[in-house]
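Summary of the model geometry
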Amino acid sequence: MTTNQGVPVADNQSSLKAGLRGPALLKDFILREKITHFDHERIPERIVHARGSGAHGYFEAYKPLTSLTRAAPFQEAGKRTPVFVRFSTVQGERGSKDTARDVRGFAVKFYTDEGNWDLVGNNMPVFFIQDAMKFPDLVHAVKPEPHHGMPQAGSAHDTFWDFVSLMPESTHMLMWAMSDRGIPRSYRMMQGFGVHTYRFVNGDGQSSLVKFHWKPLLGTHSLVWEEAVKISGCDPDFHRRDLWEAIESGAYPEWELGVQVFSEADADKFSFDVLDATKLVPEELVPVTPIGRMVLNRNPDNFFAETEQVAFCTAHVVPGIDFTNDPLLAGRIHSYVDTQISRLGGPNFHELPINAPLAPVHNNQRDGMHRQAIHRGRVSYEPNSLGGGCPFQTGQMGFVPFPEPIQGDEMRGKPEKFAEHYNQARLFFDSQTAPEKAHIIAAFRFELSKVTVPAIRTRTLAMLRNVSDELAGGVAEGLGMDLPEAMPRALPRTPKPEVKASPALSLMALPGEQGIRSRKVAIVIADGVDGAAVAAVQAALAKEGAMGRLVGPRVGPFTTAQGKTLEAEASFENEPSVLFDGLVLPGGEGAFAALAGNGQVREYVQDPYRHCKTILALGSGVDLLAAAGVPTDGDDAGLLAFAKGKANAPAAFVKALSLHRHFERETDPPRV
Ligand code: HDD
């Protein structure tokens, strides 16, 4: 062990004192160096997206896209580009819970051959506001209220709803945020979107407009609200742990990158403006073409050095990718670089290993806080002759901005189509399945029930009336309110939307291609449990890449009916059933009788039932269901109860588990 100066440390236990009971001495440079460094260990957290988790991986192109773009990752089939991805929540502070109702960040840094490209997106394809001018207002409104610093990581409070109910442009995004997308099951089970319309530019300088989509192979899946609330108590790191464990176990998460490509002429004809980030381009209007896949296969070595210090910037584009005039994007191009300077302590954050491009860097920028590179020689200017003219500018080989013609006079204002706020909000709501609609209504009801100022609730309902009376009526009923008049619309005539229903907007549209891979199931054991049944279920799960975890009244060994020992890895107390995707009560003569009277055990069984998860009960396990008040007589595809056992029960369980949830069981309020 040494100090930071490389001096060997003889004793790392005690400070230097004048006598064993005497005062500590100022000259103890070893203590002072250690404490001073410790005092400065924290850096400012991100103003938004403070809480996040990252992973390394690669992007692999399916085929060359040279006719569309000269961007390095898309030039050859099979070309692999290293990536670092950081997923995040938006509202909460760095130590806040993972399962808050919130938008999730989905930021990808591509270390391309021609420099770093950051695609800084979210798990929702639209945004709350249209112009960067409003971003500080939005963030101030949603963050904890300034007088008392509450609530943490939650939008269910007055200032957020005050702001959004005065900003009808937020209506569409509110639909997404209040939908199940706001409480994903896992970072690995979310879509990602670039949100803005970007440009592809090919080698001839021709441009097309493009929207980016990430599609998870595991499908899109969510939690239910009460489950998310309970998880936030028993495992605030739920999503961080899930990502970490999946990668450690070799179940590498994978996404397909797709693009919607269209021309400016197409865009001009749309009923909405593609520069408006509160609008998406329906897939039914412009299909999504798959162009490659991303695999995350390595956890960071050090959370701080990589996940915390990674600096994503929308300004980081490479030749072949360019911006459009989206006014939200324009503000972002400034904001991210600016924020890194204060967060990472100066303009040299690009030298931190996680931010450094793999492509070589040559320029005449010098000095500044925390400079790592040692530039040699006396030339730091261009043109020069003393350095042989190096480094040279690259001309057409370099980043050449797309020469977009400038139109109009300088002014503050918005194009007319920006004033239509409800067509796509309605499209989203109408395209949801019945349980998803019910969840959206319940989410609005919950959030608004936390709003203390009645006028804010009324104004939000007036806004929702422009979306759907089914939605507004459901929310009003849940709040015991009458429906107000609809909020006046800005445009006298609403442009006619191209698409009336977009099934792709439902989470159910992407069940995934990987079945129950990496899902977690709790298998309850106790003394006398049927060890053969446990083994059969575990084998069936393992075959599909899922994990059965033995949970007991305590951790440690239990004796099976067959006289063998099974080790409980977890207990009812340390891993409540909300942390699992399914539950198995394997049976065994008398095994569960002692548990039936226990309230903790009843809750262990009730929770997955109420959260519409798959449950398998065999033999005496069925009695435990009954003791927990779970009805076993109904027609429920997710509740497999076999009092006399059943040979193919594990296979039936695996099949039912692959459906993720059984919302046909759901009653609201829940019936157990
Ligand atoms: Fe932002 C962070 C995504 C609008 C300003 N933003 C940040 C991150 C993501 C997004 C994923 C976290 C990156 C990471 O993991 O480190 N932001 C979005 C999306 C937006 C958006 C998809 C709308 C389409 N953001 C937006 C606007 C502004 C910012 C309009 C400012 C004008 N965002 C920031 C920031 C952050 C940030 C303050 C905080 C920390 C950071 O950048 O590195 O600059």
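Higher on the page you've got the structure.
Quick caveat: nothing in here was measured; it's all calculated off a predicted structure.

In terms of regular secondary structure, the chain is built from 17 helices and 18 strands. For the C-alpha atoms alone, the extent of the chain along its principal axes is close to 90 × 85 × 55 Å. The burial tally for the chain puts 52% of its 672 residues in the buried class. Accessible area for the chain stands at about 30400 Å²; split by element, carbon and sulfur atoms hold 55% of it.

Spatial strand order, S15-S12-S11-S16-S17-S18: 6 strands in an open sheet with parallel pairing. Strands with a single pairing partner mark the edges of an open sheet, and in this sheet they are strand S15 (570-571) and strand S18 (639-642). As judged from the 4 bridges shared by strand S17 (residues 614-618) and S18, these two strands associate in the parallel manner. The residue of S18 that forms the bridge with Leu 618 is Phe 642.

Let's shift gears to helix H16 (residues 620-627). In an α-helix there are 3.6 residues to a turn, and that puts residues three or four apart on one side. When H16 is considered as a whole, its buried residues turn out to be Ser 620, Gly 621, Val 622, Leu 624 and Leu 625. Residues of H16 that are buried in the fold lie against strand S16 (582-585), helix H15 (599-610), S17 and S18. Looking at the residues trailing H16, positive phi occurs at Gly 629, about 80°.

Below, the discussion takes up the pattern of salt bridges. If you walk through the whole model with that rule in mind, you get 34 salt bridges. When the shortest N-O distance is used, the salt bridge between Arg 46 and Glu 308 registers 3.8 Å. Of the two residues, Arg 46 sits in the loop between helix H1 (29-39) and strand S1 (52-61) while Glu 308 sits in helix H8 (residues 303-308), which places them 262 residues apart along the sequence. Assigned by exposure class, Arg 46 and Glu 308 land together as buried. Close ionic contact of Asp 581 with Arg 519 constitutes a salt bridge, the shortest N to O distance being 3.0 Å. Remark: Arg 519 occurs in the loop between helix H13 (469-479) and strand S11 (520-524) and Asp 581 occurs in the loop between S15 and S16; sequence separation between them is 62 residues. The exposure classification of Asp 581 matches that of Arg 519, with both residues buried.

Tracing the backbone shows Leu 217 in the loop between strand S7 (207-216) and helix H5 (225-234). Exposure remark for Leu 217: the relative accessible area of 14% places this residue in the buried category. Leu 217 sits 407 residues away from Leu 624 along the chain, and the two C-alpha atoms are 36 Å apart. What Leu 217 contacts, discounting residues up to four positions off in sequence, is Glu 254, Glu 256, Gly 512, Glu 513 and Gln 514.

Formed by 56 residues in total, the largest nonpolar core has its most connected members in Leu 541, Leu 585, Phe 592 and Leu 616. Leaving out residues up to four positions away in the same chain, Leu 585 has contacts with Val 524, Phe 592, Val 605, Leu 616, Ala 617, Leu 618, Gly 621, Leu 624 and Leu 625. Core analysis: the second largest hydrophobic core is formed by 53 residues, Phe 429, Ala 472, Leu 479 and Val 499 among them.

Another point: the site of the ligand. In the region of the ligand, 23 residues are neighbours, and Arg 46, Arg 86, Arg 332, Tyr 336 and Gln 340 sit closest. Within the side chain of Arg 46, one N or O atom sits 2.7 Å away from an oxygen atom of the ligand. At 3.1 Å, a side-chain N or O of Ser 335 approaches an oxygen atom of the ligand. For the shell around the ligand, the elements supplying multiple residues, two or more each, are strand S3 (104-112), strand S4 (115-122) and helix H9 (327-343). The element contributing the most residues to the shell around the ligand is H9, with 7 residues. Each residue belonging to the shell around the ligand can be placed in one class, and the counts come to 11 nonpolar, 9 polar and 3 charged.

As a further point, take the packing of aromatic side chains. The tally for this structure, following the rule as stated, stands at 26 aromatic pairs. Between the aromatic rings of Phe 110 and Trp 117, the centroid separation amounts to 4.4 Å while the plane-to-plane angle is 15°, which identifies the pairing as stacked. What makes Phe 110 buried here is its relative accessible area of 0%. Given the relative accessible area of 0%, Trp 117 is considered buried. Ring centres of Tyr 198 and Phe 212 lie 6.0 Å apart, and the angle between their planes is 55°; on these two criteria the pair is classed as tilted. Here Tyr 198, found in strand S6 (residues 198-201), pairs with Phe 212, found in strand S7; they are 14 residues apart in sequence, far enough to count as distant.

Before going further, it helps to examine the coordination of the iron atom of the ligand. Donation to the iron atom of the ligand from the protein comes from one atom only, Tyr 336 (OH), at 1.9 Å. Relative to the helices and strands, Tyr 336 is located in helix H9.

Attention shifts here to helix H2 (residues 135-142). Among all positions of H2, only Leu 138, Val 139, Ala 141 and Val 142 are buried. For H2, the angular spread of buried residues about the axis comes to 160°, placing them on one side. Lining the buried residues of H2 we find helix H3 (158-165).

Evaluated as defined, the whole model comprises 0 disulfides. Here Cys 234 stays unpaired: no disulfide links it, and the sulfur of Cys 612, its closest cysteine neighbor, is 18 Å away.

Further remarks concern the pairing of S17. Taking burial as the measure, the 5 residues of S17 include 5 buried ones, the bulk of the element. The alternating pattern of S17 places Thr 614, Leu 616 and Leu 618 and Ile 615 and Ala 617 on opposite faces, both of which are buried. The sheet contact formed by S16 and S17 spans 4 bridges and is parallel. Note that in S17 the partner of Leu 585 across the bridge is Ala 617. Of the crossover connections in this fold, the one passing from S16 over H15 to the parallel S17 is right-handed. In the classification by handedness, the crossover that spans S17, the intervening H16 and the parallel S18 is right-handed.

Okay, the side chain of Gln 91 next. Within the element layout of this structure, Gln 91 appears in the loop between strand S2 (80-89) and S3. Residue classification places Gln 91 among the buried positions, given a relative accessible area of 5%. Here the side chain of Gln 91 touches Arg 101 through a polar contact of 3.4 Å, landing on its backbone oxygen. A polar atom in the side chain of Gln 91 sits 3.3 Å from the backbone nitrogen of Ser 155. Residue contacts for Gln 91: discarding those within four places in its chain leaves Arg 101, Asp 102, Val 142, Lys 143, Ala 153, Gly 154 and Ser 155.

A word on the packing of helix H4 (residues 171-178) against helix H10 (residues 423-430). Packed helices, taken two at a time, are described by their axes: the angle between them and the distance between them. Axis separation between H4 and H10 bottoms out at 7 Å; the angle between their running directions is 25°. As the angle between them shows, H4 and H10 are arranged roughly parallel. Crossing handedness for the pair H4 and H10: left-handed. Contact with H4, carried on its side by Thr 171, His 172, Met 175 and Trp 176, involves Gln 424, Ala 425, Phe 428 and Phe 429 of H10 and no other residues of that element. Per-class residue counts for the contact of H4 with H10 are 5 nonpolar, 3 polar and no charged.

Definitions and limits used
Residues numbered from 1 in each chain as written. Predicted model: local features only at pLDDT ≥ 70, side-chain atom pairs only at ≥ 80, totals over all residues. Heavy atoms only, no water. Helix = DSSP H or I, 4+ residues; strand = E, 2+ residues; numbered from the N terminus. Buried < 20%, exposed > 50% of the residue type's maximum accessible area, 1.4 Å probe, protein only. Areas by Shrake-Rupley, 256 points an atom, 1.4 Å probe, with all protein chains shown as cover. Pairing = 2+ DSSP bridges. Contact = heavy atoms within 4.5 Å. Salt bridge = Lys/Arg side-chain N within 4 Å of Asp/Glu carboxyl O. Core = buried A, V, L, I, M, F, W, Y, C linked by side-chain atoms within 4.5 Å. Near = heavy atom within 4 Å. Polar contact = N/O pair within 3.5 Å; in protein donor to acceptor, adjacent residues only side chain to side chain. Nonpolar A, V, L, I, M, F, W, Y, C, P; charged D, E, K, R; others polar. Phe/Tyr/Trp six-rings, centres within 6.5 Å; stacked < 30°, edge-to-face > 60°. Donors = N, O, S within 2.8 Å, 3.2 Å for Na, K, Ca; no water. Arc of directions from axis to C-beta. Disulfide = S-S within 2.5 Å. Right-handed = clockwise from strand over helix to strand, strands pointing away. Axes fitted to C-alpha atoms, helices over the stretch in contact; angles between N-to-C directions. Parallel < 35°, antiparallel > 145°, perpendicular 65-115°, else oblique. Left-handed = near helix turned anticlockwise from the far one by under 90°.

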